[in-house]
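Descriptive structure summary
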Amino acid sequence: MAEGEDLQTFTSIMDALVRISTSMKNMEKELLCPVCQEMYKQPLVLPCTHNVCQACAREVLGQQGYIGHGGDPISEPTSPASTPSTRSPRLSRRTLPKPDRLDRLLKSGFGTYPGRKRGALHPQVIMFPCPTCQGDVELGERGLAGLFRNLTLERVVERYRQSVSVGGAILCQLCKPPPLEATKGCTECRATFCNECFKLFHPWGTQKAQHEPTLPTLSFRPKGLMCPDHKEEVTHYCKTCQRLVCQLCRVRRTHSGHKITPVLSAYQALKDKLTKSLTYILGNQDTVQTQICELEETVRHTEVSGQQAKEEVSQLVRGLGAVLEEKRASLLQAIEECQQERLTRLSAQLQEHRSLLDGSGLVGYAQEVLKETDQPCFVQAAKQLHNRIARATEALQTFRPAASSSFRHCQLDVGREMKLLTELSFLRVPEAPVIDTQRTFAYDQIFLCWRLPPHSPPAWHYTVEFRRTDVPAQPGPARWQRREEVRGTSALLENPDTGSVYVLRVRGCNKAGYGEYSEDVHLHTPPAPVLHFFLDGRWGASRERLAISKDQRAVRSVPGLPLLLAAERLLTGCHLSVDVVLGDVAVTQGRSYWACAVDPASYLVKVGVGLESKLQESFQGAPDVISPRYDPDSGHDSGAEDATVEALPPFAFLTIGMGKILLGSGASSNAGLTGRDGPAASCTVPLPPRLGICLDYERGRVSFLDAVSFRGLLECPLDCSGPVCPAFCFIGGGAVQLQEPVGTKPERKVTIGGFAKLD
C-alpha cells in the first residue's frame, strides 16, 4: 500500500516538473533580447519599459554615433570578466557608425565633436532607438548610466537556465579554451572560476585575496536596487515620472509637486493588479481557448478566401484576355477583307492600263479593225470598240488609283482603355457617408439625407440604422433598427415616437462589402402629433396687403399705403392695420404640434393660437387700430396680461420683430429665462430658424419652442372651451412659411367657418 502511494506521489511530482519545464520552455521568447536574440544578460530598463542587454545597448549607441555614453554604474571595469581578453563575444561584433548617420547626428547637435563644450547651455540629449516599440527613447544626458538594471528579469533568466540545463556544469569564465568546470564564484569580481583561475586572480598578500568565494552561478547581481544617480538604495516610487527614486532624488526640484509613494505601497498595488489580471486570465482559460479556435478558424478561412480571391482575379484577367483575343481576331478579319477588296480593284485597274500599251491586245485589235475597208462591216465592228477606247482614254486623262494604299482608318485609339487597365485595382468598400444636417430633420416623419465623400468608391445601396436614446438601457449591446438596401441618398422613417430622441447612422455597401458607419446624428421628434393645415385668409385679411402662396403654406404682408399715411400722423395718432391669417383646421381635443419659419426682416409678427369664435369676432372686417400699442390678442400675450384677471385668455401669441422674440414678464418661460424668485423681466432672445407651437387642449396650455433644438421659449394658458385654430397676425411687412410635412399630406376635412370640404 505504501509503495503504491509513493509511486503515485512520485508520478505527481514528475508531472508537476514536466508542466513547469514546459511552461518555462514556452516563455523562452519572453527572455530573449530583441537585439542579439539571446538570453538577457544584465538587462537595462528603458524609459519605454522595454528591456535590452547592457552590452547590446552600448553597441546600438555606438552604431548611432554616440561616443562615451555607455557607462554602467554597477559594473566593474576592473573585474576579470570585463577585460578585453575575456569580454563577451557580442562586444567584438561592434561596428563603426555609418558616416551619413554620424554626420547627421553631429549637424543636429548630438554626439561629441571638436569645439563642443561640456556643460553648455543646451546639454546633449541621448536618443536610443528601442528595438521593441520602434521608437526613439530619450535617455537624458547620462545615457545608459541613468538606467536601472532589471534584477527581477535576471533572476527569471537564471531560474530558466537552471531549469533547462539540470545537471549541466557551469564553466570557468577565465580559462583558455577548452574551459574547465567552475568550482567557485566571486561576487566582488562578478565571475566564476575553477580552482587554478581563482588562485591566479586572488593571489596571497593582495586585497583580492580577502574576497569571499561563493558557489558558481551564471549571474551576479547586487544585493539591492541602487539609484544610478546617487548610489543609494531606492525607497520610493514617483507616479508622475513612473520611476524609482531614492531619498536624495525625492528632495530634488525635478520631483517637486510629483506624486511619490513608498516602494512598499507601489509594490503592493502593482502586485494586486498583476495578481488580479493573472487570476482573471487563468479563470477564463475556456474563453481563451475558444478565441484561439476562432482565430485558427479565421486563419483557415483567410487562406481559403485568399486562394478564392486569387482564382477570381486570375479568371477575370483571363476573361479580359479572351475578350481582347476575340476583338483582335475580328479587327484583323476586317482589315483582311478591306485589303482584299482594294487589291481586287487595283488589279482590275492595272489590267486595264496594261491593255493600253503598244502591242497589247486592245491596241492591236483596234489597229486591225482600222484596216477594214468595207464600210458597213467597219461600222458594225468599230462601234463597240470605240466605246472601250473612249473609256480607256478618259481613264488615261483622269488617272487615279482605284483604291488607297493607306490603312490609317484602321488605327486603334486605346488610350482610354490603357488608362483603365493601368488603373485597374481591387474594388474598395464605400467610405463613411456624410450626413447632410441642413436637409435632415424630424417633423411628422424623419427625413435623413447623406452623401458620399468626393473620392469614395460608389455604393450599390445603403443600410440605415436608428434607435431611441431616451429609453431605459437594456443589458447587452445597443439594439439598432435597420432599413436594408436603401437606394439613393435619402431615407424616410415613418411613424416615429413623439417627444423622443433618435440617433441615426448610415453606411454604404457594394461588391467589396460594407463600409464604415457615418457619424451619429441625433434628432428630436416633436412633443406631440403634427397638425397639418393650410392658411385661410378670409378672416381679417386684406387682399391689398396680404398675399398667400398658391400652395397655401406661406403668407407675406406688404405695408402698403396705409402705413405711409400713418407716418404723417405719428405725433398725434397712428392708424395701423392688423392683418390676420388663420389655419383652416381647428383643434378640439388632444395635443397638436406645428412649426413655421418667420422672416427675420419682418417688422411685427405674432404667431400663436386662439379660439375660433373669438378670432372671427375680433378680426372679421379687419378694423383699424387707433394706437400703436394695440394688441390683437386683447393683452393676452407674452407680457401684457393683467395678473388680477382670473379668466383664461382666448388668445396666446408670441411677439416677433426685427429678428428678435419678446418674452414678457407676465408669462412663465423656461428655466434659462427665469430667476430663483420667479419669472424674469421682459427680455428678447434671437429668433431661431423655425418656431414650434405645441397645443395641449385638455390642459389649456400652449408652448412655444425652438423647432431646431426643441428648447422651450414660452408657455402660456389658453381658453380651450371651444375649437382652437392657429393664427398669424401682421403689422407692417413680414412673412411666415409653414413647415412642409415630410411625408404625403393626408386627406383631411376643413372645419373652419362652418364649411366642410375634402382637400
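Residues numbered from 1 in each chain as written. Predicted model: local features only at pLDDT ≥ 70, side-chain atom pairs only at ≥ 80, totals over all residues. Heavy atoms only, no water.

For the chain, the name recorded in an unreviewed UniProt entry is Tripartite motif-containing protein 46, with Urocitellus parryii as its organism. As its UniProt record puts it under Sequence similarities (unreviewed entry), the chain is described as follows: "Belongs to the TRIM/RBCC family." Under the UniProt heading Subunit (unreviewed entry), the note attached to the chain is "Interacts with TUBB3 and TUBA4A." (UniProt positions renumbered as here; feature names shortened; annotations may be inferred.)

1. Description of the pattern of salt bridges
Two side chains carrying opposite charge are able to pair once their charged atoms lie near each other. Across all of its chains, the model carries 12 salt bridges by this definition. In this structure, the salt-bridge partner of D696 is R591, at a minimum N-O distance of 3.8 Å. Within this pair, whereas D696 is found in strand 32 (residues 691–696), its partner R591 is found in strand 26 (residues 591–598), the two being separated by 105 residues in sequence. Of the charged contacts in the structure, one is a salt bridge between R701 and E715, with a shortest N-O distance of 3.3 Å. One end of the pair, R701, is in strand 33 (residues 701–706); the other, E715, is in strand 34 (residues 712–717), and 14 residues separate them in sequence. E715 gets classed as partly exposed once you look at its relative accessible area, which sits at 25%. The structure contains a network of salt bridges with shared partners spanning R591, D696, R699, R701 and E715. (Salt bridge = Lys/Arg side-chain N within 4 Å of Asp/Glu carboxyl O. Helix = DSSP H or I, 4+ residues; strand = E, 2+ residues; numbered from the N terminus. Buried < 20%, exposed > 50% of the residue type's maximum accessible area, 1.4 Å probe, protein only.)

2. A closer look at the pairing of strand 34
Taken together, the 5 bridges between strand 33 and strand 34 define a ladder with antiparallel strand orientation. Pairing of F704 across the sheet is with L714, part of strand 34. Connecting the antiparallel pair strand 33 and strand 34 is a turn made up of 5 residues, with F710 showing a positive phi of about 60°. (Pairing = 2+ DSSP bridges.)

3. Some details on the sheet that holds strand 32
A sheet is described by the order of its strands in space; here 7 strands give the open sequence 22-23-36-26-32-33-34, paired in antiparallel fashion. Taken across any chain shown, the strands that pair with only one partner, and hence form the sheet edges, are strand 22 (546–548) and strand 34. Neighbouring strand axes in the sheet, compared pairwise and without regard to direction, differ in orientation by 20° on average. Pairing of strand 26 with strand 32, which is carried by 6 bridges, proceeds in the antiparallel orientation. Note on strand 32: the bridge partner recorded for C596 is L691. (Axes fitted to C-alpha atoms, helices over the stretch in contact; angles between N-to-C directions.)

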